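Spelled out from the first residue to the last, the chains are:
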Amino acid sequence: MPVEPLSPQEIEERLAALPGWSLDAGRLTRSYRLGSHFAATAMVVHIAQVQEELDHHSDLTLGYNTVALAVHTHSAGGAVTEKDVELARRVEDLAAGHGAH
């Protein structure tokens, strides 16, 4: 079943429930700061596990003590879809457990 792009209004509504997330260059994006490089690396591994579960993957960047994500749906022509919002929600749910802010 094809995934449908969200309208600009739908994206805005979804972002209202995802503090820290924004729309940048047609992708949902968020950066997190953590207490150490090890903590950031552990969070990346946890995000990778969630992405595998969802079969939906973001651009994921590990810095010294930062983690950044940018996500959109390739099969929807690079648009933002509910799949992207679900991944963002799941990442938000796990971020606090890693001490991310």
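Residues numbered from 1 in each chain as written. Predicted model: local features only at pLDDT ≥ 70, side-chain atom pairs only at ≥ 80, totals over all residues. Heavy atoms only, no water.

- If you check an unreviewed UniProt entry, the protein appears there as Putative pterin-4-alpha-carbinolamine dehydratase from Streptomyces tendae.
- The annotation that UniProt attaches to the protein under Catalytic activity (unreviewed entry) is "(4aS,6R)-4a-hydroxy-L-erythro-5,6,7,8-tetrahydrobiopterin = (6R)-L-erythro-6,7-dihydrobiopterin + H2O". (UniProt positions renumbered as here; feature names shortened; annotations may be inferred.)

**Observations concerning the pairing of strand S2 (residues 27–33)**
Link 1 in the chain: Here strand S1 (residues 22–24) pairs with S2 via three bridges, running antiparallel. Residue Leu-23 lies in a different strand from S2, and its bridge partner there is Leu-28.
Link 2 in the chain: Between the end of S1 and the start of S2, which pair antiparallel, lie two residues, with Ala-25 showing a positive phi angle near 55 degrees.
Link 3 in the chain: Pairing of S2 with strand S4 (residues 66–71), which is carried by six bridges, proceeds in the antiparallel orientation. Bridged to Thr-29 within S4 is Ala-70. (Pairing = 2+ DSSP bridges. Helix = DSSP H or I, 4+ residues; strand = E, 2+ residues; numbered from the N terminus.)

**Some details on the side chain of Arg-30**
Link 1 in the chain: Position of Arg-30 among the secondary structure elements: in strand S2.
Link 2 in the chain: A distance of 3.4 Å separates a polar side-chain atom of Arg-30 from the backbone oxygen of Pro-19.
Link 3 in the chain: Within the structure, Arg-30 has its side chain in polar contact with the side chain of Glu-92 (distance 3.2 Å).
Link 4 in the chain: Excluding residues that lie within four positions of it along the chain, Arg-30 makes contacts with Pro-19, Gly-20, Trp-21, Val-67, Ala-68, Leu-69, Glu-92 and His-101. (Polar contact = N/O pair within 3.5 Å; in protein donor to acceptor, adjacent residues only side chain to side chain. Contact = heavy atoms within 4.5 Å.)

**Observations concerning the environment of Thr-29**
Link 1 in the chain: Tracing the sequence through the fold places Thr-29 in strand S2.
Link 2 in the chain: Counting along the chain gives 40 residues from Thr-29 to Leu-69, while the straight-line C-alpha distance between them is 5.5 Å.
Link 3 in the chain: Once residues lying within four places of it in the same chain are set aside, the contact partners of Thr-29 are Gly-20, Trp-21, Ser-22, Asp-24, Leu-69 and Ala-70.

**Here we look at the pairing of strand S3 (residues 59–62)**
Link 1 in the chain: With four bridges connecting them, S3 and S4 associate as antiparallel partners. Note that in S4 the partner of Leu-60 across the bridge is Leu-69.
Link 2 in the chain: Hairpin connection from S3 to S4: three residues lie between these consecutive antiparallel strands.

**A word on helix H3 (residues 82–95)**
Link 1 in the chain: An ideal rise of 1.5 Å per residue puts 20 Å on 14 residues; H3 measures up with 20 Å between its terminal C-alpha atoms.
Link 2 in the chain: If you check which residues of H3 are buried, you get Asp-84, Val-85, Leu-87, Ala-88, Val-91, Leu-94 and Ala-95.
Link 3 in the chain: Those residues of H3 that are buried lie in contact with helix H1 (8–16), S2, helix H2 (37–54) and S4. (Expected span 1.5 Å × (residues − 1). Buried < 20%, exposed > 50% of the residue type's maximum accessible area, 1.4 Å probe, protein only.)

**Overview of the pattern of salt bridges**
Link 1 in the chain: For the coordinates displayed, the defined rule picks out six salt bridges.
Link 2 in the chain: Across the pair Arg-14 and Glu-82 runs a salt bridge, and its minimum N-O distance is 2.4 Å. One end of the pair, Arg-14, is in helix H1; the other, Glu-82, is in helix H3, with 68 residues separating them in the sequence.
Link 3 in the chain: Residue class for Glu-82 comes out partly exposed when judged on its relative accessible area of 33%.
Link 4 in the chain: Ionic pairing is found between Arg-27 and Asp-59, a salt bridge with its closest N-O pair at 2.3 Å. Here Asp-59 lies in strand S3 and Arg-27 lies in strand S2, a separation of 32 residues in the sequence. (Salt bridge = Lys/Arg side-chain N within 4 Å of Asp/Glu carboxyl O.)

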